[in-house]
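Coordinate inspection notes
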Amino acid sequence: KSLDAFDRIEDLEMRAETYRQMGIAYENLGMNSKASESYTDYLSVIESLKDSRRLYLAYDIMVSPLIALKKYDEARKYMALALGDTLSENRIYILARYNDAEGQILRDQGRYDEAINFFSKAFDGFIQNTHSSSRWGAPFMPLYIARCYLKLGDYGRALEFARQCLQLENELISVRTGIKSDVSLVLSEIYEQLGNQQRAFEYLKMHQNIRYESDRLDEANRVADAEIRAIIEKSQEEIDQLERDSIQTAQENRIQRLWIFSISGALVSLIIVSIILYRNNQHKQKANTLLKEQKEKIQVTLEKLESTQSQLIQSEKMASLGELTAGIAHEIQNPLNFVNNFSEVNVELLHELNAGPLTKLPETAKEEADEIIAHLVQNLEKVSFHGKRADSIVKSMLLHSRSSVGTKELTNINVLADEYLRLSFHGMRARDKSFNAKYNLDIEEDLPEIRVISQEIGRVMLNMINNAFYAVLKKSREGIHGYTPEVRVSIRKLNGRIEIRIKDNGCGIPANIRDKIFQPFFTTKPAGEGTGLGLSISYDIITKGHGGDMKVVSHTAENEAHQETGTEFIINLPI
């Protein structure tokens, strides 16, 4: 899917990276033939990009699957190309990779002495690298050398290098390679050859623990059951032997000795069973604790799934409602356009009639006709006005039902607020030359950028600030002595969120309608001045589109607890 997408947008850089990741995935799955094909495509794109900075790495990545496929000549060819094309600062690393590859080929061919020589050179190269990411190969080299010595029967040297591998694996925490499973198995084989069965068993057990970590409780229980059976069988054999010996030694003491040995056996068995029961109880407690933790995790996951399902159902309902609203609005808009267009045409026709044929009427009849035409023109102008008003509502409905297609990107809210505060003020001045008000932007410096759809947040700010200027304009027309219109926008970082406050000192919103202001088509403005959709759209953008919240605080003249009137909208956006 990625390759198809990058083909369409002709992005060769990401196409190359996709081939590389596919090769890594195939190699991890053991599908070396497919891995080699993907790496070949990766190399082809890198060569077409003429990217000398990465070309030697492209040659290098080709080698591992080719060695696994026993295509040694091809592997050597690419390692030689990588070595010849390496930048000076990475030459030590690539030389180490070259020696590593040559060692693997010689080891596969059974030439263990020669392979050890190359692995030793590779180890020195990996250790010399200053960048920790380039030292990943260091622990592997002692492991490979240990395996070679194991094949050669030099178990002392094999043990030395296997231990070195384990030590390096523990030291290089930042480049952990996860080869403990392999080295523990090698150590087990070495100790078995040296006749140290206990140490061989310890490392074999380490190997098994690493491989079967997810089944550790079941494995522990199986081992415990085996131990129980072995101990009981052994105890029974000892008791039987003691009984036989006592019969042969002294017939006269047979009953006494039998009791002594029976009691001893019973005590030993009791102790053993007690120990076994205790160990089993410990395992069961651990298993129960683990089961309880898993149950709690499953419960949390289930609750999250149920919550997500509810949100999806609600989203589907809102999407269906939006489509229905858009459909109705489109159907209304067509006849509405006819009403608006024909009302304007009729006005023009009446003016032409008044300037044309009606001029030939007698004076008295002409006066009466002029009066009737004036009434008709006035009526048609009202039809046109209310038709345009309805058209504005329909367009707002379409806007309200339209899904957002913007892209969220890192945005400086301070810059956005400053831009739209000035834009709103000058817009109000352009519509009403007599308007004037103080406005103030109070921002917190070094505010972090947040990922939002900047056009939508800008639209919310513009709508809120326009409403604030409208409120102070309305109050300023009441002629209150000493009143100074003022709008204030403040932005702060609080508790991991960005808080935007837009405050005015207008008349305020009455308490009985505050709960309705975010409802679609509800407006506090007089007829003809508002659609009732601005706040509803803004609320949806903040809460549904950006995961934030919006609330309003307002004080009016009838509220005696506050001397100042006004409204403050508070918007919270997650960082």
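It should be emphasised that the depicted structure is a prediction, and the values quoted were computed from it without experimental measurement. (Residues numbered from 1 in each chain as written. Predicted model: local features only at pLDDT ≥ 70, side-chain atom pairs only at ≥ 80, totals over all residues. Heavy atoms only, no water.)

1. Thoughts on the pattern of salt bridges
Applying the stated criterion to the full structure yields 17 salt bridges. For Glu 568, the salt bridge identified is with Arg 501, shortest N-O distance 3.2 Å. Highlighted residues: Glu 568 in strand 7 (residues 566–574) and Arg 501 in strand 5 (residues 497–504), separated in sequence by 67 residues. Overlapping salt bridges, with partners in common, bring together Asp 60, Arg 97 and Asp 100 in one network. (Salt bridge = Lys/Arg side-chain N within 4 Å of Asp/Glu carboxyl O. Helix = DSSP H or I, 4+ residues; strand = E, 2+ residues; numbered from the N terminus.)

2. Focus: the nonpolar core
Met 141 and Leu 187 are the most contacted members of the largest nonpolar core, which totals 62 residues. Per-element accounting of this core gives the leading share, nine residues, to helix 9 (residues 140–152). Not counting residues within four places of it along the chain, the set of residues in contact with Met 141 comprises Asp 100, Phe 119, Ala 122, Phe 123 and Phe 126. Counting residues in each nonpolar core, the second largest holds 42 residues, with Tyr 420, Val 460, Ile 465 and Ile 541 among its members. (Core = buried A, V, L, I, M, F, W, Y, C linked by side-chain atoms within 4.5 Å. Buried < 20%, exposed > 50% of the residue type's maximum accessible area, 1.4 Å probe, protein only. Contact = heavy atoms within 4.5 Å.)

3. Quick notes on the confidence of the model for the protein
For the protein, per-residue confidence averages 82 on the pLDDT scale, and residues scoring 70 or more make up 83% of the total. Put simply, helix 13 (residues 216–249) is where the protein has its lowest mean pLDDT, 65, and strand 5 is where it has its highest, 94. (pLDDT = per-residue confidence, 0-100.)

4. Considerations on empty space enclosed by the protein
A full pass over the atoms with the stated rule returns one cavity of 30 Å³ or more. Contributing to the lining of the largest cavity are Val 63, Ala 75, Arg 76, Met 79, Tyr 98, Ala 101, Glu 102 and Ile 105. If one sorts the elements of the lining of the largest cavity by residue count, helix 7 (residues 91–108) sits on top with four residues. (1 Å grid on protein atoms, 1.4 Å probe; cavity = no way out; pocket = protein on both sides within 12 Å on 5 of 7 lines; lining within 4 Å. Points joined across faces, edges and corners; volume = space filled by probe spheres on them.)

5. A short note on the sheet that holds strand 2 (residues 438–443)
Pairing is mixed across the open sheet formed by five strands, whose spatial order is 2-4-5-7-6. Strand pairing shows two members of the sheet lacking a second neighbour, strand 2 and strand 6 (549–555), which therefore form its edges. Within this sheet the neighbouring strands show an average axis-to-axis angle of 15 degrees, counted without direction. Pairing of strand 5 with strand 7, which is carried by eight bridges, proceeds in the antiparallel orientation. Residue Lys 503 lies in a different strand from strand 7, and its bridge partner there is Glu 568. Each of strand 2, strand 4 (486–494) and strand 5 touches helix 16 (residues 413–431); the most contacted strand, strand 2, lies at about 175 degrees to it. Relative to strand 5, helix 17 (residues 454–476) is tilted by about 25 degrees, and along the sheet it contacts strand 2, strand 4, strand 5, strand 6 and strand 7. (Pairing = 2+ DSSP bridges. Axes fitted to C-alpha atoms, helices over the stretch in contact; angles between N-to-C directions.)

6. What about the packing of aromatic side chains?
Counted under the stated rule, the structure contains 13 aromatic pairs. Plain terms: the ring middles of Phe 435 and Phe 469 are 5.7 Å apart, the flat faces sit at 85 degrees to each other, and that makes the pair edge-to-face. You can see Phe 435 sitting in the loop between helix 16 and strand 2 and its partner Phe 469 sitting in helix 17, a full 34 residues away along the chain. Grouping residues by exposure puts Phe 435 and Phe 469 together as buried. With a centroid separation of 6.4 Å and an interplanar angle of 70 degrees, the aromatic rings of Phe 518 and Phe 569 are classed as edge-to-face. (Phe/Tyr/Trp six-rings, centres within 6.5 Å; stacked < 30°, edge-to-face > 60°.)

7. Considering the side chain of Glu 568
By relative accessible area, Glu 568 is classed as buried at 15%. Looking at Glu 568, its side chain comes within polar contact range of the side chain of Arg 501, at 3.2 Å. In this structure, Glu 568 is in contact with Arg 501, Ile 502, Lys 503, Lys 551, Val 552 and Val 553, ignoring residues within four places of it in sequence. (Polar contact = N/O pair within 3.5 Å; in protein donor to acceptor, adjacent residues only side chain to side chain.)

8. Examining the packing of helix 7 against helix 9
The geometry of helix 7 relative to helix 9 is characterised by a closest axis approach of 12 Å and an angle of 20 degrees between their N-to-C directions. Compared by their axis directions, helix 7 and helix 9 come out roughly parallel. The crossing of helix 7 and helix 9 is left-handed. Residues Asp 100, Gln 104 and Arg 107 of helix 7 pack against Met 141, Tyr 144 and Cys 148 of helix 9. Among the residues making up the contact of helix 7 with helix 9, the classes are represented as three nonpolar, one polar and two charged. (Parallel < 35°, antiparallel > 145°, perpendicular 65-115°, else oblique. Left-handed = near helix turned anticlockwise from the far one by under 90°. Nonpolar A, V, L, I, M, F, W, Y, C, P; charged D, E, K, R; others polar.)

9. Topic: the side chain of Thr 18
You can see Thr 18 is positioned in helix 2 (residues 12–28). Taking the relative accessible area as the measure of exposure, Thr 18 reaches 13% and is therefore buried. Here the side chain of Thr 18 touches Met 14 through a polar contact of 2.7 Å, landing on its backbone oxygen. If we skip the residues at most four places from it in the chain, Thr 18 touches Ser 2, Leu 3 and Phe 6.

10. Focus: the pairing of strand 7
The buried count for strand 7 comes to eight of nine residues, which makes it a mostly enclosed element. Relative to strand 7, strand 6 is paired through seven bridges, and the arrangement is antiparallel. When the sheet's bridge partners are listed, Lys 551 is paired in strand 7 with Ile 570.

11. Re the environment of Tyr 439
On the secondary structure map, Tyr 439 appears in strand 2. For the pair Tyr 439 and Arg 488, spaced 49 residues apart in sequence, the C-alpha separation works out to 5.6 Å. Not counting residues within four places of it along the chain, the set of residues in contact with Tyr 439 comprises Leu 421, Arg 422, Phe 425, Phe 469 and Val 487.

12. A short note on a nonpolar patch on the surface
A contiguous nonpolar surface patch, about 570 Å² in accessible area, is contributed by Ile 255, Trp 259, Ile 263, Leu 267 and Leu 270. Mapping Leu 270 onto the fold places it in helix 14 (residues 254–355). Residue Leu 270 is classed as exposed on the basis of its relative accessible area, which comes to 53%. (Patch = residues over 30% accessible without salt bridge, like charges linked within 9 Å, V, L, I, M, F, W, Y side chains within 5 Å. Areas by Shrake-Rupley, 256 points an atom, 1.4 Å probe, with all protein chains shown as cover.)

13. A short note on the packing of helix 17 against helix 18 (residues 534–546)
Between helix 17 and helix 18, whose axes approach to 10 Å, the crossing angle comes to 145 degrees. As for how helix 17 packs across helix 18, the hand of that crossing is left-handed. Taking contact as the criterion, the partners of Glu 456, Ile 457, Arg 459, Val 460, Asn 463, Met 464 and Asn 467 in helix 17 are, on helix 18, Gly 534, Leu 535, Ile 537, Ser 538, Ile 541, Ile 542 and His 546. Classifying every residue of the contact of helix 17 with helix 18 gives seven nonpolar, five polar and two charged.

14. Re helix 2
Taking 1.5 Å per residue as the helical rise, helix 2 with its 17 residues ought to reach 24 Å, and the 25 Å between its terminal C-alpha atoms agrees with that figure. For helix 2, the full list of buried residues reads Arg 15, Ala 16, Thr 18, Tyr 19 and Gly 23. Projected down its long axis, helix 2 shows its buried positions confined to an angular sector of 160 degrees, all on one face. Packing partners of the buried residues in helix 2 comprise helix 1 (2–8) and helix 3 (32–49). Its side-chain oxygen placed 3.3 Å from the backbone nitrogen of Glu 13, Asp 11 serves as the N-cap of helix 2. Gly 30, located one to two residues past helix 2, shows a positive phi value of around 80 degrees. (Expected span 1.5 Å × (residues − 1). Arc of directions from axis to C-beta.)

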